[in-house]
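Structural characterization, general
So the chains spell out like this:
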Amino acid sequence: MRNPLNKRLPREFSKNSGRYIGIFLILVCTILIGSSFLATMDSIIYTINQNDDECRIENGQFESVSTISEELKEHFKNKGISVVENFYTTINDYDGNAKILVFNEREILNIPSVFEGNLPDKENEIAVERLFAENRNIEIGDELTLNNRIFIVTAKISLPDYSSLFKSNHDLLMNTIDFGISIVTKDGFNRFDKNTLTYRYSYRFENTSMSESEKRETTEHIQKQLLLDGITLQSFLTDENNQSISFLREDMGKDGPVMKVFIYILIIIISFVFAVLTNNTIESEAAIIGTLRASGYFKREIIAHYISPTIIISVVSSTIGNALGYTIMLKPFQDLYYTTYCIPPIKMQFSLEAFITTTIVPIVIMIFINWFMLYNKLSLSPLKFLRKDLSKRKQKKAIKLPDFSFIKRFRLRVILQNKVSYLVLFLGIFLSSFLLMFGIGLDPLINHYVDEIDDTLPYEYQYVLKTPIEVDNGEKMEIYTLGTWYKLGKTDINVSFMGVSENSTIFENIELPEKENEINVTKPLAQKLNIKIGDELIFKDDYYEKEYTLKVSGISDYSSSLSAFMKQESLNKLLDYNPDAFNCYVSNESLDIDEMYLAKYITRADMVGAAKQMMQSFESVIQFINIFSIIIYMVLMYILTKTVIEKNELSISYMKVFGYNSSEISHLYLNATTITVLGSLFICIPLEALCFKYVMIYVASLVEGYIEFYLPLWVYVVIIVIGILAYFLINTLHINRVKKIPMSEALKNRE
């Protein structure tokens, strides 16, 4: 026999359509954003890892002034190292100012992946890196003139050793507009003058399970053998210090923590909404539940019936959310990465993490909350349900109110009688406003971070050297990187140690420690690790397997990195270097240093640009967060204020029986809600700011660097204004609802 209670489900959905539509929208938004974003991130990581194996990405490269012998290649091969030619010629003036590296075809290492078209097989054909081609409007079939030689574009490709387009390895910023990579056939490569060739060799370890120490030893062997063979090196890079390879791997996922925090907030909101609605459903249907209990229905049958709408909404929402997330929303998120990095065609994978986080967890939470609250309430007797007396506490006497006017006392009485509902409304406003603050506040916070770097950087130019050389007008310093344990992130973080001259004019505002075992740390490092003056920190040098215990003597306002300052002599002594050793120049004017001596060249514009570039991934996600934050804010405000009116339907019906018109009733009931909403908006602001601060500490624990909490006044104003406008827009809907409440409601609920 069919369960007769199932006939109530269509009426339930029809009667509370606004409530279920709101829940449906919140769930769909959560699943839509979460599944598409997390699935895209997981798929990109999977694609890159698979592409590295299939296309045999190099473990390192070196450039020499001449070719190496076949005997040397054979020697390396016997050691399990594949060394292959990766020669290229440089075009410095393509289309006016662009630089293009033209490589010979690749068959063994760093094999290209094709996006569109076919790899060249004729001497006048060329394949161009996809991102550069898009930024320069280069299409398949176009003709490119390179060193007075015409080539026809046959393909758009990606290369595993150029997932990020850096003109030079010592650049801080990628350049996807003025720098590109291309590949031609062997015959096509022979068309270029041999005098323009750069002799680059790529190497790969055939044993892919080597430990880091084994890789380091093998790399050192390659360098020593090249020197023994009389090879003059122009550069030598491992995959770790080659930015064109490592930058994407290190940067990948920095925006993940921001989106995950957003999803966690949504899950908390969903849990909160369902707790409120479940309780409201139990109160409004108390008489029906009491009748069912008295009629012999078991608790499990009643619970199953009242959980059914939740399950139906959850299943429909998750189906639609995942369907949209894996279809129409994939491209926007994929484009966020395609427009920045030179990644191969993304192979979409089902993300179990995304499915569990955005679908399973919210559904389980909703079902559990419904079950728990129903099970708890159903411990009451059927008689209590029939009397609508669901309180387990003894009813208190009404509070005596001050001698206000009737209208004021009535509104105050409405607030007191609905204090639980208004407390729920307060919590809802707090959660939804926090979500809005999270979306709106990220952009100015990031801009402040960039401005802080620009304001506190004391020099215009920095030159990190491969080998020490003497130049005029530069200030010498020693730079070295050590690691220290980060408790919150449960990992080691890198700290840049700066050995500064005692007579420094550039770092004159930084108080250098007098003692050899003391350091002055930067503000971002102090904030990230919660360091105070007098604390002792343990630093590790993984390369030489050494540990150093150093005491914090001061905290500087230098904001561009996680750094520690020491006297140059003290740092050199710590590292067992000569007292006057240095590997860097800083200056406020450009220095004349040959590029062959440079490991890295950094300007103020580069530092600021690098900070902006690092934050671009956050900003791309912020746009989505802002849109959905406002939608969810409106939905949540509507559901909660609607719940307050539903709980007062009987009282409103009585008011109509007593002769009050709809306008007067709205004035009495809705104005009480208005007072609560406006008060909550202002009271919640400092609480939201405090929570936002702790959220950013959590985000900082998942990424490199540290972003100091900052919110300008206008953010608070915008949140309050949006809250007021949203409420009054929703209030107009509730006014119409009040008009529709019939007087017969009072007669149907006589006790």
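Residues numbered from 1 in each chain as written. Predicted model: local features only at pLDDT ≥ 70, side-chain atom pairs only at ≥ 80, totals over all residues. Heavy atoms only, no water.

Helix and strand counts for the protein chain come out as 22 helices and 20 strands. Its C-alpha atoms give the protein chain principal-axis dimensions of roughly 105 × 65 × 45 Å. Taking all 751 residues of the protein chain together, 53% fall into the buried category. For the protein chain, contacts bridging at least 24 residues in sequence account for 83% of all contacts bridging at least 6. A total accessible area of about 35700 Å² is found for the protein chain, and carbon and sulfur atoms account for 54% of it. Averaging the locations of the 74 positively and 88 negatively charged side chains of the protein chain gives two centres separated by 21 Å. (Helix = DSSP H or I, 4+ residues; strand = E, 2+ residues; numbered from the N terminus. Buried < 20%, exposed > 50% of the residue type's maximum accessible area, 1.4 Å probe, protein only. Contact = heavy atoms within 4.5 Å. Areas by Shrake-Rupley, 256 points an atom, 1.4 Å probe, with all protein chains shown as cover. Lys, Arg positive; Asp, Glu negative; His and termini not counted. Charge placed at Lys NZ, Arg CZ, Asp CG, Glu CD.)

This part takes up the nonpolar core. Ile-23, Phe-262, Val-273, Ile-343, Phe-438 and Phe-692 are the most contacted members of the largest nonpolar core, which has 95 residues in total. Ranked by the residues each element gives to this core, the list is headed by helix H15 (residues 419-456), at 17 residues. Beyond its immediate stretch of four places on either side in the chain, Val-273 contacts Ile-23, Ile-26, Leu-636 and Ile-639. (Core = buried A, V, L, I, M, F, W, Y, C linked by side-chain atoms within 4.5 Å.)

Together, Phe-350, Leu-352, Ile-356, Ile-360, Val-361 and Val-364 make up an exposed nonpolar region whose accessible area comes to about 520 Å². Mapping Phe-350 onto the fold places it in the loop between helix H11 (330-338) and helix H12 (352-377). (Patch = residues over 30% accessible without salt bridge, like charges linked within 9 Å, V, L, I, M, F, W, Y side chains within 5 Å. Salt bridge = Lys/Arg side-chain N within 4 Å of Asp/Glu carboxyl O.)

Now for helix H3 (residues 70-78). Those residues of H3 that sit buried are Leu-72, Lys-73 and Phe-76. The arc that holds every buried residue of H3, seen down its axis, measures 100 degrees, which confines them to one face. Of the residues in H3, the exposed ones pointing more than 90 degrees away from the buried face are Glu-70, Glu-71, Lys-77 and Asn-78. Residues of H3 that are buried make contact with strand E2 (81-85), strand E10 (197-205) and helix H6 (212-228). Backbone geometry just after H3 places Gly-80 at a positive phi near 80 degrees. (Arc of directions from axis to C-beta.)

Now for unusual backbone geometry. For Asn-473, which is not glycine, the phi torsion reads 75 degrees and is therefore positive. Examined against the element boundaries, Asn-473 turns out to sit in the loop between strand E12 (461-465) and strand E13 (475-486). Asn-473 gets classed as exposed once you look at its relative accessible area, which sits at 59%. For Asp-576, which is not glycine, the phi torsion reads 65 degrees and is therefore positive. When you line up the elements, Asp-576 lands in the loop between helix H17 (568-574) and strand E19 (584-587).

As a further point, take the packing of aromatic side chains. For the coordinates displayed, the defined rule picks out 31 aromatic pairs. When the centroid spacing of 5.2 Å and the interplanar angle of 70 degrees are considered together, the rings of Phe-37 and Phe-333 count as edge-to-face. Here Phe-333 lies in helix H11 and Phe-37 lies in helix H2 (residues 17-54), a separation of 296 residues in the sequence. Here Phe-37 matches Phe-333 in class, with each residue buried. Ring pairs connect the aromatic residues Phe-62, Phe-87, Tyr-199, Tyr-201, Tyr-203, Phe-205 and Phe-236, which therefore count as one cluster. The ring of Phe-103 has Arg-106 lying over it, and the distance from NZ or CZ to the ring centre is 4.5 Å. The residue whose ring lies beneath Arg-191 is Phe-151, and the NZ or CZ to ring-centre distance is 4.6 Å. (Phe/Tyr/Trp six-rings, centres within 6.5 Å; stacked < 30°, edge-to-face > 60°. Lys NZ or Arg CZ within 6 Å of the ring centre and 35° of its normal.)

Turning our eyes to something else, we now look at the pairing of strand E9 (residues 179-184). Most of E9 is tucked away, with six of its six residues classed as buried. Residues Phe-179, Ile-181 and Ile-183 line one face of E9 and the alternating positions Gly-180, Ser-182 and Val-184 line the opposite face, and both faces are buried. Note: strand E4 (residues 98-104) against E9, six bridges, orientation parallel. Among the inter-strand pairings, Lys-99 is bridged to a residue of E9, identified as Phe-179. In terms of strand pairing, strand E6 (residues 125-129) meets E9 through three bridges, oriented antiparallel. Residue pairing in the sheet places Ala-127 in a bridge with Ile-183 of E9. (Pairing = 2+ DSSP bridges.)

Quick look at the confidence of the model for the protein chain now. Atom-level detail of predicted coordinates should not be read off regions where pLDDT is low. The predicted model of the protein chain averages 82 in pLDDT, with 91% of residues at 70 or higher. Mean pLDDT in the protein chain bottoms out at helix H22 (residues 744-748), which sits at 58, and peaks at E6, which reaches 94. (pLDDT = per-residue confidence, 0-100.)

Quick look at the pattern of salt bridges now. Applying the stated rule across the entire model yields 21 salt bridges. Between Lys-347 and Glu-54 there is a salt bridge; the shortest N-O distance is 3.6 Å. Here Lys-347, found in the loop between H11 and H12, pairs with Glu-54, found in helix H2; they are 293 residues apart in sequence, far enough to count as distant. Of the charged contacts, one joins Arg-106 and Asp-161 as a salt bridge, the two residues approaching to 2.8 Å between their closest N and O atoms. Taken together, the residues span a long stretch of sequence, with Arg-106 in the loop between E4 and strand E5 (113-117) and Asp-161 in the loop between strand E8 (149-158) and E9 at a distance of 55 residues. Via salt bridges that share partners, Glu-70, Lys-73 and Glu-85 belong to a single interconnected network.

This part is about empty space enclosed by the protein. For the coordinates displayed, the defined rule picks out five cavities of 30 Å³ or more. In this structure, the largest cavity occupies an estimated 190 Å³ of space. Breaking the lining of the largest cavity down by element, the ones donating at least two residues are helix H1 (8-15), H2, helix H8 (256-284), helix H10 (299-325) and H12. Considering every element that reaches the lining of the largest cavity, the biggest residue donor is H8, with five residues. Roughly 80 Å³ of volume is contained in the second largest cavity. Around the second largest cavity, the lining residues are His-448, Tyr-449, Glu-452, Lys-523, Pro-524, Gln-527, Ser-559, Tyr-706, Ile-707 and Glu-708. Among the elements of the structure, H15 and helix H16 (523-529) are those that each provide at least two residues to the lining of the second largest cavity. (1 Å grid on protein atoms, 1.4 Å probe; cavity = no way out; pocket = protein on both sides within 12 Å on 5 of 7 lines; lining within 4 Å. Points joined across faces, edges and corners; volume = space filled by probe spheres on them.)

With that settled, consider the environment of Ile-81. As for its position among the elements, Ile-81 is in strand E2. Since its relative accessible area comes to 2%, Ile-81 is described here as buried. As a C-alpha pair, Ile-81 and Asp-95 span 14 residues in sequence and 39 Å in three-dimensional space.

Let's shift gears to the state of the cysteines. Following the criterion strictly, the structure yields zero disulfides and no others. Its sulfur unpaired, Cys-684 is 9.7 Å from the next cysteine sulfur, which belongs to Cys-691. For Cys-684, a relative accessible area of 0% corresponds to the buried category. (Disulfide = S-S within 2.5 Å.)

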